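# Structural overview
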Amino acid sequence: MRVFSRVPKIDFMAQRKVALGLSILLSLIAIGLIIGRGLNFGIDFKGGVLVEVVYPQTVQLEDVRGSLNKGGYPDAVVQYFGNTSDVLIRLLPQAGTDGASKAASAEISTKVLQALDAQRNHVQLRRIEFVGPEVGKELSEDGVIALFFAFLGIGIYVAFRFEWKFSFGSIAALTHDAIMTVGFLSLIQEEFDLTTLAGVLAMLGYSNNETIVIFDRVRENLIGLRKQPVMDIINLSINQTLLRSIITHFTVLMVLFCLFFFGGKSVHSFSVAMIVGVLVATYSSIYISSGVTVLLDIKREDLIPPEDHTKANGRDKDGAVV
Amino acid sequence: MHQYPLWKTVTLIVATLLGALYALPNVYRESPAVQIATLSGDALPADFGDEVAKALAADQLSDESSRAEKNQWVVRFASTETQLKAVDSLKQALGPTYVVALNLASNTPAWLEAIGAKPMPLGLDLRGGVHLLLEVDIDDARKAAVQRYLSDLPTFLRKQDIRYTARRAQGDTVVLEFADADKLEKARAAISKEYKELTVTVPAGSTPTLQARMSDEEAKRIVDYAVQQNLITLRNRVNRLGVTEPVVQRQGADRILLQLPGVQDPTRAKVILSSTATLEYRAVDETIGAAESAAQTGLIPPDDDLFYTREGHRPYLLKKDVIVSGPQLVDAAPTVDQQSGTPAVSVTLDSTGASKMFDFTRQNVGKPMAVLYKETVYDTNHNAQGDEIRERRDINDIINVANIREPFGKRFQTTGLGQKEAHDLSELLKSGALAAPIAIVEERTVGPSLGADNIRRGTEAAIAGFCLVVVFMAVYYTVFGLFADIALLLNVIILVAVLSVFQATLTMPGIAGMVLTLGMAVDANVLINERIREELRLGLSPHAAMNAGYERAFLTIADSNVTTFIAAFVLFLLGQGSVKGFAVTLMIGLATSIFTATVGTRTIAHYVFKGRKLKDLPV
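Residues numbered from 1 in each chain as written. Chains lettered and ligands numbered in written order. Predicted model: local features only at pLDDT ≥ 70, side-chain atom pairs only at ≥ 80, totals over all residues.

In terms of nonpolar packing, the biggest core is built from 213 residues, with Ala150, Leu201 and Ala202 of chain A together with Val515 and Leu571 of chain B touching the most fellow members. The element contributing the most residues to this core is helix α13 (residues 448–501) of chain B, with 20 residues. Residues in contact with Val515 of chain B, not counting those within four places in the same chain, are Val255, Cys258 and Leu259 of chain A together with Ala461, Ala462 and Gly465 of chain B. Within the second largest apolar cluster, 35 residues are counted, among which are Ala291, Ala332, Ala354 and Leu428 of chain B. (Core = buried A, V, L, I, M, F, W, Y, C linked by C-beta atoms within 7 Å. Buried ≥ 20, exposed ≤ 12 C-beta atoms within 10 Å, placed from the backbone. Helix = DSSP H or I, 4+ residues; strand = E, 2+ residues; numbered from the N terminus. Contact = placed C-beta atoms within 7 Å.)

Next comes the structure, spelled out in structure tokens:
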């Protein structure tokens, strides 16, 4: 099956300024969302207690709240999880950091179960998650550090394999993708926990994969097709890799949707983050990474390896043209 | 025609065979089982199988198999329900000298196990269990140390006949005041000589003052000791919990990670982990034959208590008066006796304990003294109605009896021990001493039903993803799509094999990583196939187009995967628990997919099209 019999000729770079402007606008909106609306942090980062239980039959949330109230937890957030016999109970971290309250908060999960057991006997425990405020803080810090080093590592690699202007382009695209994805998560208030962060990081790696495939082609064409202007070469390269991008995105999206639909709640936010990321990356690898690289005035000489330079210079002296 | 390198073919065949072999154990389902070992770690008695069979027969429980494996007895059952019932009846029938634990016993055939092939261990989120992160209160350990010096130093000075006028603790520092500079100087010299772990300074000021502060190494040693002590205690208790493959390890400076797979009742686990143990040094009643007759008749002299030794179960009558108890024990470590060169345990007491010990030993040289280990444990059993009943049980074991050679106080040695005995005794002493308090700072408990759900969902997502990708590739790229599909299957097999060989724990995010790998792995083939199509359009002959396609796409494939690898590596370094599992799966998946997508499909394509005259390529 062949969708295109020849390489498409779309002048992507013609709209690069419009696209860049639009991206900046959307990014600002996303940042506004992240700051204004905030992220729905899970207990990994916020700390607190989460208890999931299954009742043998449908249960009224009011009953659960009632028994928790009696047990001394009037602030507990109670909601259905999936269906009406599966209940999720959340408690915010307890104030105070001294030893006594630390021990007390660790026992909450036990006490919550006791409070529920008192009401009805056949409550089945699905999971308990308790993250102390200190651990939550550390996990958040580690998350920020992980994001930073992922950017740094990818930036250094691209600079090493290509050139700093390309590196700048990739970083711009990565930043764009991260902001848009996290902004979207903020918009739909999807829970943001460690697994979501893993999704965002994996998405960044994947998004850059896109950029690199295009850059690789740009490099090859810049060296191979000496006569053409840089802008044409970038357009050509994007067009040449376009079909591959579409197919790869398609297969990746297929498996991600499988995770989204079949994988259950524990990988829900992960698959959402990645699906959004992959969609955004398709756009950013074309317009942001290439667009920024063009903006930085990429030249053919930037990419010709130094040893080739000396060779070329040597031949120039002899009056030969490479 | 282009000569295809033989090594690539050989590598591919070897990788396929090894991959299939080492991935194979994951196909065999694990059986719910009960695993039995002796508490002491000794070998099981010869007729143990009959004993187990009798206990099971009494409750009309039928097993699938029952046999000794390594040092343990493993009984497999058809269902989890029978397994749970069997645990209770075996616990009751065998008594507290055996550890009876729930387990998932592998059904991997012996010949596979012989070559080291094992299935991937399942993470807690898949098999259910309790994950606890505990933090040792090191501030408390430090404060306790400062308090100890606050009472030890004045006692020491009094003995040296150096008088001080005031003492107080100031944060990490013990401050002593003196009437004149002469006494201060004497005290400084004496303390520096005796307490090498303290840094002694004399601040300028009107009153002659001395500040003694723990050196950094000493402070670090105290923290290490507090953590180690808790580690040992926790390990002992976890062993008693009856958990197979528990993880008890130090994490960072002051934390302990505890993973208890299969534990379904976190409350019970927490009760057992927080139980307390203590020690008592007591005098031994030396009346000849009294202990034996007390053990037989049950008549115990009014001043004595009857206890048994942990090893060998020998009776001893101990005096009711306690000389020194656990909280007064500061340190215990295995060492080598300077005089005899044999293994020994060196014990350090605090000043109160030291003076009591000195008074006692001075009057009792040549007489025996015993160490009694006391602990309260909670056992959970089920009664006839199937309700849980929690039973309290006191453990009182004599762990050592030794003769007093000479009077001693603060530091002394217990000699006459073997290497292992010295090690065991020091650990028991440590776990009986007052440990720094620990707090749970993170808990993740997954019930078994959620674990089973996660496995089912993960498998469904993986199979659905795999099928969709396979169908799509075959439809879109026809024959070359099929090559990619074979490579994808090979990729899954090799990935599972590598993860199994490394014994990487499979978690839910790990499964997500595998599914993601499936989607991304074909990217390499898409790159290659698109490139081949392009070269064909440029007018290259089919064989040349194929070669050019593979060659030119390879660098792009490598480059583009490196960045995903970088992101995964960062996640591996900074992530914790299940997220690490995702990172590991993704990294290994990237590596194996590059191999199968390039070398794999190239080799297949080579042999399929070898020697054929082609007009076009089915791509």
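Read on, since the account is not over.
Moving on: the domain arrangement of chain B. With domains assigned, chain B is organised as domain 1 (6–25 + 447–609), domain 2 (31–101), domain 3 (139–217) and domain 4 (276–421 + 429–434). Distance between the C-alpha centres of domain 3 of chain B and domain 4 of chain B: 33 Å. (Domains from an automatic or database assignment.)

All right, on to the interface of chain A and chain B then. The interface of chain A with chain B comprises 59 residues on the first partner and 63 residues on the second. Elements supplying a minimum of two residues to the side of chain A that touches chain B: α4 (99–119), β5 (124–131), α5 (133–161), α7 (194–224) and α8 (230–262) of chain A. Considering each element in turn, the side of chain A that touches chain B owes the most residues, 13 residues, to α7 of chain A. In the side of chain A that touches chain B, the residues fall into 34 nonpolar, 15 polar and 10 charged. With five bridges connecting them, β5 of chain A and strand β20 (residues 438–446) of chain B associate as antiparallel partners. For Ile128 of chain A, the partnering residue across the bridge sits in β20 of chain B and is Thr445 of chain B. (Nonpolar A, V, L, I, M, F, W, Y, C, P; charged D, E, K, R; others polar. Pairing = 2+ DSSP bridges.)

With that settled, the discussion passes to the packing of α7 of chain A against α8 of chain A. All names here are of chain A. Viewed as axis vectors pointing N to C, α7 and α8 meet at an angle of 135°, and their least axial separation amounts to 9 Å. Between α7 and α8, the angle is such that the two are oblique. Along this stretch, α7 crosses α8, giving a crossing that reads as right-handed. Contact residues: α7 offers Glu210, Val213, Ile214, Arg217, Val218, Asn221 and Leu222, while α8 offers Ile233, Ile234, Leu236, Ser237, Ile238, Gln240, Thr241, Arg244 and Ser245. Of the residues belonging to the contact of α7 with α8, the class tally is eight nonpolar, five polar and three charged. (Axes fitted to C-alpha atoms, helices over the stretch in contact; angles between N-to-C directions. Parallel < 35°, antiparallel > 145°, perpendicular 65-115°, else oblique. Left-handed = near helix turned anticlockwise from the far one by under 90°.)

On to unusual backbone geometry. Residue and element names in this part refer to chain B. The phi torsion at Asp161 lies on the positive side, around 65°, for a residue other than glycine. Within the secondary structure, Asp161 is located in the loop between α6 (138–159) and β6 (166–170). Take Asp161: there are 8 C-beta atoms within 10 Å of it, and that puts it in the exposed class. One non-glycine residue, Gln503, lies in positive phi territory at about 55°. Relative to the assigned elements, Gln503 resides in the loop between α13 and α14 (508–537). Judged by the 10 C-beta atoms lying within 10 Å of it, Gln503 is exposed.

Attention now moves to the sheet that holds strand β7 (residues 173–177) of chain B. Residue and element names in this part refer to chain B. Pairing within the open sheet is antiparallel, and its four strands lie in the order β6-β7-β9-β8. Only two strands of the sheet have a single partner each, and these edge strands are β6 and β8 (198–201). Averaged over all pairs of adjacent strands, the angle between strand axes in this sheet comes to 20°, irrespective of strand direction.

Interfaces are often sized by the accessible area lost when the parts come together. Each assigned domain of chain A is listed with its residue range as follows: domain 1 (12–41 + 136–312) and domain 2 (48–131). Between the C-alpha centres of domain 1 of chain A and domain 2 of chain A there is a distance of 41 Å.

All right, on to the environment of Arg167 of chain B then. Residue and element names in this part refer to chain B. With respect to the secondary-structure elements, Arg167 resides in strand β6. Arg167 sits in the partly exposed class, given 16 other C-beta atoms within 10 Å. Once the C-alpha coordinates of Arg167 and Leu210 are considered, the two residues, 43 residues apart in sequence, prove to be 9.6 Å apart. When neighbours within four sequence positions are excluded, Arg167 is seen to be in contact with Leu150, Pro154, Val175 and Leu176.

We now examine the sheet that holds strand β10 (residues 247–251) of chain B. Taking strand neighbours across the sheet as the criterion, the eight strands line up as β3(A)-β4(A)-β2(A)-β5(A)-β20(B)-β5(B)-β11(B)-β10(B) in an open arrangement whose pairing is antiparallel. If you trace the sheet from one side to the other, it starts and ends with β3 (77–81) of chain A together with β10 of chain B, each paired once. Neighbour-to-neighbour, the strand axes of the sheet open up by a mean angle of 20°, direction not taken into account. Of the strand pairs in this sheet, β10 of chain B and strand β11 (residues 255–261) of chain B are connected by five bridges, and their pairing is antiparallel. From the neighbouring strand, Gln251 of chain B faces β11 of chain B, where its bridge partner is Arg255 of chain B. The strands that helix α3 (residues 61–70) of chain A touches are β3 and β4 (83–91) of chain A; relative to β3 of chain A, the one it contacts most, it runs at about 145°.

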